[in-house]
Amino acid sequence: MAKVVIDVERCKGCGLCVAACNFGNLRIGEKFNSKSYRVSEFVGEECKGCGFCYMVCPDVAITVYRDEKVEVEK
C-alpha cells in the first residue's frame, strides 16, 4: 500500500494527477488554498504507489509514500 500527500499551497487544481491515476485515488476536492484554487485530494485506499500522479504534476506538489517495496510483475 501507498499514500499520496499533496502540498495544497503548490497545487493549482489542474486535474492532471486525477486523470493520471488509474485507480481513482485522487479527485479535485472542495477545499481551496490561499490562492483560491480548488486543490486535489487523496481519497483512495487502493494506491499502488506507481507515481504517475507525481510524474505529471507540473507544480511538484505531490509526494508518493510507499509502505512496502513495489514489485513489477513480468
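Residues numbered from 1 in each chain as written. Predicted model: local features only at pLDDT ≥ 70, side-chain atom pairs only at ≥ 80, totals over all residues. Heavy atoms only, no water.

Enquirer: Can you tell me about the pairing of strand E3 (residues 38–42), naming the residues and giving the values?
Expert: Bridging between strand E2 (residues 26–32) and E3 involves four bridges; their strand directions are antiparallel. Across the sheet, the residue bridging to Leu26 is Phe42, located in E3. Two successive antiparallel strands, E2 and E3, enclose a turn made up of five residues, where Ser36 displays a positive phi of approximately 70°. (Pairing = 2+ DSSP bridges. Helix = DSSP H or I, 4+ residues; strand = E, 2+ residues; numbered from the N terminus.)

Enquirer: Kindly report on a nonpolar patch on the surface, identifying the contributing residues and their values.
Expert: The grouping of Leu16, Phe52, Tyr54, Met55, Val56 and Val60 at the surface amounts to a nonpolar patch, some 570 Å² of accessible area in total. Structurally, the position occupied by Val56 is in helix H2 (residues 52–56). A relative accessible area of 34% places Val56 in the partly exposed class. (Patch = residues over 30% accessible without salt bridge, like charges linked within 9 Å, V, L, I, M, F, W, Y side chains within 5 Å. Areas by Shrake-Rupley, 256 points an atom, 1.4 Å probe, with all protein chains shown as cover. Salt bridge = Lys/Arg side-chain N within 4 Å of Asp/Glu carboxyl O. Buried < 20%, exposed > 50% of the residue type's maximum accessible area, 1.4 Å probe, protein only.)

Enquirer: Explain the pattern of salt bridges to me, and be specific about the residues and the numbers.
Expert: Under the criterion given, the structure shown has four salt bridges. For Arg27, the salt bridge identified is with Glu41, shortest N-O distance 2.6 Å. Here Arg27, found in strand E2, pairs with Glu41, found in strand E3; they are 14 residues apart in sequence, far enough to count as distant. In this structure, Lys48 and Glu46 form a salt bridge, with 3.9 Å as the shortest nitrogen-oxygen distance.

Enquirer: A description of the packing of aromatic side chains should follow, citing residues and the corresponding values.
Expert: Tallied over the entire structure, the rule returns zero aromatic pairs. Lying over the aromatic face of Phe23, Lys48 brings its terminal NZ or CZ to 5.9 Å of the ring centre. (Phe/Tyr/Trp six-rings, centres within 6.5 Å; stacked < 30°, edge-to-face > 60°. Lys NZ or Arg CZ within 6 Å of the ring centre and 35° of its normal.)

Interpretation note: all reported values are geometric properties and have no functional meaning in isolation.
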